[in-house]
Amino acid sequence: MFGASAHLYDLIYAAVGKDYAAESADLHRVIEARHPGGRTLLDVACGTGGHLRHLQAFYEVTGVDIDPAMLAEAARALPGVTLVEQDMRTLDIGGRFDAVVCLFSSIGYLSGLDELEAAVRAMAAHLTDGGVLVVDGWVRPDAWVEGGKLTVDSAADDTMTVVRMGRSRRVGRVTVLEMHHLVGNDAGIEHIVEHHRLTLFEPDQYVAAMAGAGLAVETLPGPMPGRDRYVGVKRARS
Ligand SMILES: C[S@@+](CC[C@H](N)C(=O)[O-])C[C@H]1O[C@@H](n2cnc3c(N)ncnc32)[C@H](O)[C@@H]1O
């Protein structure tokens, strides 16, 4: 998925101004308002650990991702943090957390309703009673802009210069993001191409998956335009 570009991920998102510190502080406020004093947090699809680097100021954190290259980047930035290579659809790391989060639309990588329900059920099963699940959805179908959008971003550090051009298109419920990276350094210029496929789930499908997993659900505006945040609280067993 991000196997060939994991080493470019942090450089590019820093250059485009993604503010993991502010997003993490906001996320902490959302969790704290619903479960004051929560101590432990699991980030599912943590990627390179952009949020975990900041969330560890508030919580004892654990990360999970399916992609070993992304986890290797996370491990470099998060010494001592437990990072587990697992698929969110079959998540089972054998612990309970006061908060479980799945951010930056990672849930969109699931390819159908069965997978969405399985992943949400598995994430909810890792919550303590009263614990909070936060899922940041992919673009709402009604907010998707048709017509093959092109984006161009560039970034550089002491070792390389990267230009990323992306083109997105929709095929039914599936959006395909075609990403071309030109990576230049002393050795030459490399061209890396990736295709990311994300599903346009409906808001009521996220809500139903979370309610079906035993959570009381709210919908909030997400950190990115056209994307919602779904927050579920696990009801205490009576
Ligand atoms: C857009 S990145 C977001 C990473 C990180 N949460 C962030 O905010 O930077 C999407 C991440 O989802 C992960 N991912 C996709 N499908 C997954 C799955 N089935 N189980 C676990 N992780 C998955 C990818 O490997 C990637 O790291």
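None of the values given here were measured: they were computed from a predicted structure. (Residues numbered from 1 in each chain as written. Predicted model: local features only at pLDDT ≥ 70, side-chain atom pairs only at ≥ 80, totals over all residues. Heavy atoms only, no water.)

Enquirer: It is not clear to me how the sheet that holds strand β6 (residues 149-156) should be interpreted in this structure. Could you clarify?
Expert: Strand pairing in a sheet takes place through backbone hydrogen bonds and is either antiparallel or parallel in direction. With respect to topology, four strands assemble into an open sheet ordered β6-β7-β8-β9, the strand pairing being antiparallel. The sheet is open, and its two borders are formed by β6 and β9 (188-199), each paired with just one other strand. Between one strand and the next, the sheet's axes are offset by a mean angle of 15°, whatever the strand orientation. With twelve bridges joining them, strand β8 (residues 174-185) and β9 adopt antiparallel strand pairing. The partner of His181 across the bridge, within β9, is Ile192. (Pairing = 2+ DSSP bridges. Helix = DSSP H or I, 4+ residues; strand = E, 2+ residues; numbered from the N terminus. Axes fitted to C-alpha atoms, helices over the stretch in contact; angles between N-to-C directions.)

Enquirer: Please clarify how the site of the ligand should be interpreted in this entry.
Expert: Around the ligand, 19 residues are found, and the nearest of them are Tyr9, Tyr20, Ala45, Asp65 and Met88. For the ligand, a nitrogen atom lies 3.3 Å from a polar atom in the backbone of Ile66. Contact with the protein chains hides 97% of the accessible area of the ligand, taken as 590 Å² for the molecule alone. Partitioned by chemical class, the residues of the shell around the ligand number twelve nonpolar, four polar and three charged. (Near = heavy atom within 4 Å. Polar contact = N/O pair within 3.5 Å; in protein donor to acceptor, adjacent residues only side chain to side chain. Areas by Shrake-Rupley, 256 points an atom, 1.4 Å probe, with all protein chains shown as cover. Nonpolar A, V, L, I, M, F, W, Y, C, P; charged D, E, K, R; others polar.)

Enquirer: Help me understand the side chain of Glu194, please; the structure alone is not making it clear to me.
Expert: Take Glu194: it is sitting in strand β9. With no salt bridge to any partner, buried Glu194 finds its closest opposite charge in Arg164, at an N-O distance of 7.5 Å. Among the polar contacts made by the side chain of Glu194, one reaches the side chain of Ser5 at a distance of 3.0 Å. Polar contacts involving the side chain of Glu194 include one to the side chain of His196, which spans 3.0 Å. (Buried < 20%, exposed > 50% of the residue type's maximum accessible area, 1.4 Å probe, protein only. Lys, Arg positive; Asp, Glu negative; His and termini not counted. Salt bridge = Lys/Arg side-chain N within 4 Å of Asp/Glu carboxyl O.)

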